[in-house]
Number of protein chains: 2
Amino acid sequence: MPMKRNIFLSVFLALVAANYCVAQPSAGRRWINTHSPEVHADRTITFRYLAPHAKEVKLNTQFAAEPYAMTKNADGVWSATVGPVDPDMYPYEFLVDGLRVMDPGNPDCFPNEHFKGSMVEVPDTIPSVYSILDVPHGNVEYVMYDAPSIGATGRLVVYTPPGYDAHGDRRYPVFYCISGTTDTEEVYFKVGRANFIMDNLLAAGKAEPMIIVMPYGNPAAYFPPTSEMPRVDLFGKELMEDIIPFVDKNYRTVDNRLGRGIGGFSRGGGQALRNGLTHTDKFAWVCSYASGIGTDDFEKNFKNIYEDPDKTNREMKLIWTGVGNTDFLYRMATQFSATLTKHRVNHIDFISTGGHTWMNAKLYLHETFQRLFRAGNY
Amino acid sequence: MPMKRNIFLSVFLALVAANYCVAQPSAGRRWINTHSPEVHADRTITFRYLAPHAKEVKLNTQFAAEPYAMTKNADGVWSATVGPVDPDMYPYEFLVDGLRVMDPGNPDCFPNEHFKGSMVEVPDTIPSVYSILDVPHGNVEYVMYDAPSIGATGRLVVYTPPGYDAHGDRRYPVFYCISGTTDTEEVYFKVGRANFIMDNLLAAGKAEPMIIVMPYGNPAAYFPPTSEMPRVDLFGKELMEDIIPFVDKNYRTVDNRLGRGIGGFSRGGGQALRNGLTHTDKFAWVCSYASGIGTDDFEKNFKNIYEDPDKTNREMKLIWTGVGNTDFLYRMATQFSATLTKHRVNHIDFISTGGHTWMNAKLYLHETFQRLFRAGNY
């Protein structure tokens, strides 16, 4: 009876998602629990990984400085229960005899060029700024675009706010969010929850409706490592010649500097400052999340910003820098801020607790989204 | 000079994406090549994986029945060069001492509840039906929706064709594509390329512009495995009570049976047949990709389809079944087709070469997209 076979098959395979069926020579076949991650009500988390033949399995997470030891049970399932953990979304991976491995049963991945992390969310008793709430949700679109300046097809993730009408009269300001080193164009959506942070702020009347464009900050990766493509500053070229024209052509944008902002995390923050502060004709709002520009470099290459600070302060609506107090780029970010101060260039600094993480990046998005394009400044 | 440090950092970390820097006690530090996958012009592919301490690493792919052995070089990089391989997109993974591991340096993942596969594309000398070509691209949206019937927030991926106007007068037919066992709502986009297949057909005038709704076929997974949620038929309930009303409310749909179709792969095919053929008031177009309904089950529960075949043949605009000739569900699919024939229920069969794979599923999408909603049948 094929259909019964199929029903069994479906149920069987569905169960496989959370459990494995293992052969027990003596006891026959039975189910063992590999459900992972299991977030408990007390904010402890149990992680499980089936590796009967591994010598050592550790849990590497961003809520702990050191990996946790995991212990193996008779079924060959390694597990660790940790916490309570502060409410947030955390990347984690298993270290299996030294190899970095994702959690097989967890479909929530950290999109990245290099490492393969899984994601776990520890909910708070009250909604977090990035929580998925019952408010109007904007659209998140995956977009392909032509990048003739570098001879490739590029990828964008684009957020349009609730009520956006591609054929209506209303135009919206645009904020460009640049991905950091090894991150992809998906990271602000899948890890940063930029869309949900904005949905929540808009529902609370705390932000201006805006389009958020999330490009891939490393277009060199569109080409094989063996290619002769010059890698440095490739993104800046593509941003100016391909991405901004594509966005202004295909979305209802405010096509001027007052309606255009740029920000980024880590390398993306450097790209945001570098492109934003050297193209003040295109951007009036510039945000650096855990990055900066070195003093010597600034003195040498950014005269346009500091030679007439009064002009800069009139023209630039926002220069914002944020960094964590234990971030490995803390010194660079705060030195950059000091350099701006020395030159009497207005800017806002935000120092958060913690390191170079997307837990912090979400806070920076939440802070800056409330300042961008405010007071009809576009 | 912090910025120089930062430039170095960026370049360093960017290189990390394709290479590792390893300590060589005698020779100092140097780069080693872990670029993977490397698709060569002759359609051979080199896969690489750094695992100095692994005893055995194999390459498991869907273009070969058996895993390939990989060999380790002096740097601890395991590699295999295989092929030439027929042009297509293939899932693969590394088997590291028996553990299933993704390719760390490859950002293209197979979205799945359970396994963590990487994807490699072997391009053809001529465009494939799923190739990303310079044609107008529809929008691919990630959508959250309320699912009160099961008390959850659901996820959809939704394709709207080029020229779609959310506020215009034109209405579009809707095709629901149901994900198979362990697949997620992302699979038709990221693995099936349903959007690009449709873009290409529309550009060639070979398909009707339509909305493609890609739900998650396993809503039980919205709940912890320990919950009391009844798992069987949960999707059907959600489809009828939550998803279809949400789509008809939020998109410019043709809200009647002639403008609504349903299809699915594997378990999703069973769900498409089960929901489509028992709700002929809602669906006039039903497609099964590598699935079927057992004869006994059909005789018992689908009288509405076979009791008056002339009525069925008048009302149903398409009943389509496709399966691979080596698919483990080949017998079920062809028996289902024979049962329809025995009852004089019109249907179209399509037998492809190969097994239960997304290489085949892409072909089924391409075949059926050309038949859905044709001749203004809505």
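As a reminder, the structure under discussion sits directly above these lines.
Residues numbered from 1 in each chain as written. Chains lettered and ligands numbered in written order. Predicted model: local features only at pLDDT ≥ 70, side-chain atom pairs only at ≥ 80, totals over all residues. Heavy atoms only, no water.

Draft legend 1. Here's a closer look at the overall build of chain A. In terms of regular secondary structure, chain A is built from 10 helices and 20 strands. Here chain A, with 378 residues, has 59% of them falling under the buried criterion. Put simply, 70% of the contacts in chain A that link residues at least 6 apart link residues at least 24 apart. Total accessible area on chain A stands at roughly 15200 Å², and carbon and sulfur atoms take up 52% of it. (Helix = DSSP H or I, 4+ residues; strand = E, 2+ residues; numbered from the N terminus. Buried < 20%, exposed > 50% of the residue type's maximum accessible area, 1.4 Å probe, protein only. Contact = heavy atoms within 4.5 Å. Areas by Shrake-Rupley, 256 points an atom, 1.4 Å probe, with all protein chains shown as cover.)

Draft legend 2. Structural view of the sheet that holds strand β7 (residues 71–72) of chain B. Residue and element names in this part refer to chain B. Here four strands make up an open sheet; going across it, the order is β3-β4-β8-β7 and the pairing antiparallel. Whereas interior strands pair on both sides, the edge strands pair on one side only; in this sheet they are β3 (38–39) and β7. Pairing of β7 with strand β8 (residues 77–82) involves two bridges; the strand directions are antiparallel. Of the residues in β8, the one forming a bridge with Thr 71 is Ser 79. (Pairing = 2+ DSSP bridges.)

Draft legend 3. A look at the packing of aromatic side chains. Tallying each qualifying case throughout the model produces 51 aromatic pairs over all chains. Taking 4.5 Å as the distance between ring centres and 10° as the angle between the ring planes, the aromatic pair formed by Tyr 142 of chain A and Tyr 142 of chain B counts as stacked. Residue Tyr 142 of chain A is located in strand β13 (residues 139–147), and its partner Tyr 142 of chain B is located in strand β13 (residues 139–147); the two belong to separate chains. Residue classification places Tyr 142 of chain A among the buried residues on the basis of a relative accessible area of 10%. Centre to centre, the rings of Phe 110 of chain B and Phe 115 of chain B are 5.0 Å apart; their planes meet at 55°, and the pair counts as tilted. Following the ring pairs from residue to residue traces out a cluster consisting of Phe 47, Tyr 49, Tyr 92 and Phe 94 of chain A. (Phe/Tyr/Trp six-rings, centres within 6.5 Å; stacked < 30°, edge-to-face > 60°.)

Draft legend 4. Summary view of the nonpolar core. By size, the foremost hydrophobic cluster in this structure holds 81 residues, and its most contacted members are Tyr 188 and Phe 369 of chain A together with Tyr 188 and Phe 369 of chain B. Ignoring anything within four residues of it in the chain, the contact list for Phe 369 of chain A reads Phe 175, Ala 194, Ile 197, Met 198, Leu 201, Ala 207, Met 210 and Ile 212 of chain A. Membership of the second largest hydrophobic core comes to 45 residues, among which are Trp 78, Val 82 and Val 122 of chain A together with Phe 47 of chain B. (Core = buried A, V, L, I, M, F, W, Y, C linked by side-chain atoms within 4.5 Å.)

Draft legend 5. Inspection of the sheet that holds strand β8 (residues 77–82) of chain A at higher detail. All names here are of chain A. In spatial order, the strands read β3-β4-β8-β7; together these four strands make up an open sheet with antiparallel pairing. Every interior strand has two partners, whereas the edge strands, β3 (38–39) and β7 (71–72), have only one. Bridge count between strand β4 (residues 45–50) and β8: six bridges; the pairing is antiparallel. Within the sheet, the bridge partner assigned to Tyr 49 lies in β8 and is Trp 78.

Draft legend 6. Molecular detail of the environment of Gly 180 of chain A. Residues and elements named next belong to chain A. Note on placement: Gly 180 falls in the loop between β15 (174–178) and α2 (187–190). Each C-alpha atom of the pair Gly 180 and Arg 267 lies 4.6 Å from the other, and the pair is 87 residues apart in sequence. Not counting the four nearest positions on each side in its chain, Gly 180 is found in contact with Phe 265, Ser 266, Arg 267 and Gly 268.

Draft legend 7. Representation of the side chain of Asp 242 of chain B within the structure. Residues and elements named next belong to chain B. Mapped onto the fold, Asp 242 is located in helix α4 (residues 234–250). One polar contact links Asp 242 to Ser 149, side chain to side chain, over a distance of 2.6 Å. Ignoring sequence-local partners within four residues, the contact set of Asp 242 consists of Tyr 145, Asp 146, Ala 147, Pro 148, Ser 149, Ile 150 and Lys 237. (Polar contact = N/O pair within 3.5 Å; in protein donor to acceptor, adjacent residues only side chain to side chain.)

Draft legend 8. Inspection of the pairing of strand β17 (residues 260–265) of chain A at higher detail. Residues and elements named next belong to chain A. Here β17 lies mainly inside the structure; six of its six residues are buried. Of the two faces of β17, the one carrying Arg 260, Ile 262 and Gly 264 and the one carrying Gly 261, Gly 263 and Phe 265 are both buried. Relative to β17, β15 is paired through five bridges, and the arrangement is parallel. Bridged to Phe 175 within β17 is Gly 261. Pairing analysis gives five bridges linking β17 to strand β18 (residues 285–289), with the strands arranged parallel. Paired with Gly 261 across the bridge in β18 is Trp 285. On the question of chirality, the crossover connecting β17 to the parallel β18 by way of helix α5 (residues 267–278) is right-handed. (Right-handed = clockwise from strand over helix to strand, strands pointing away.)

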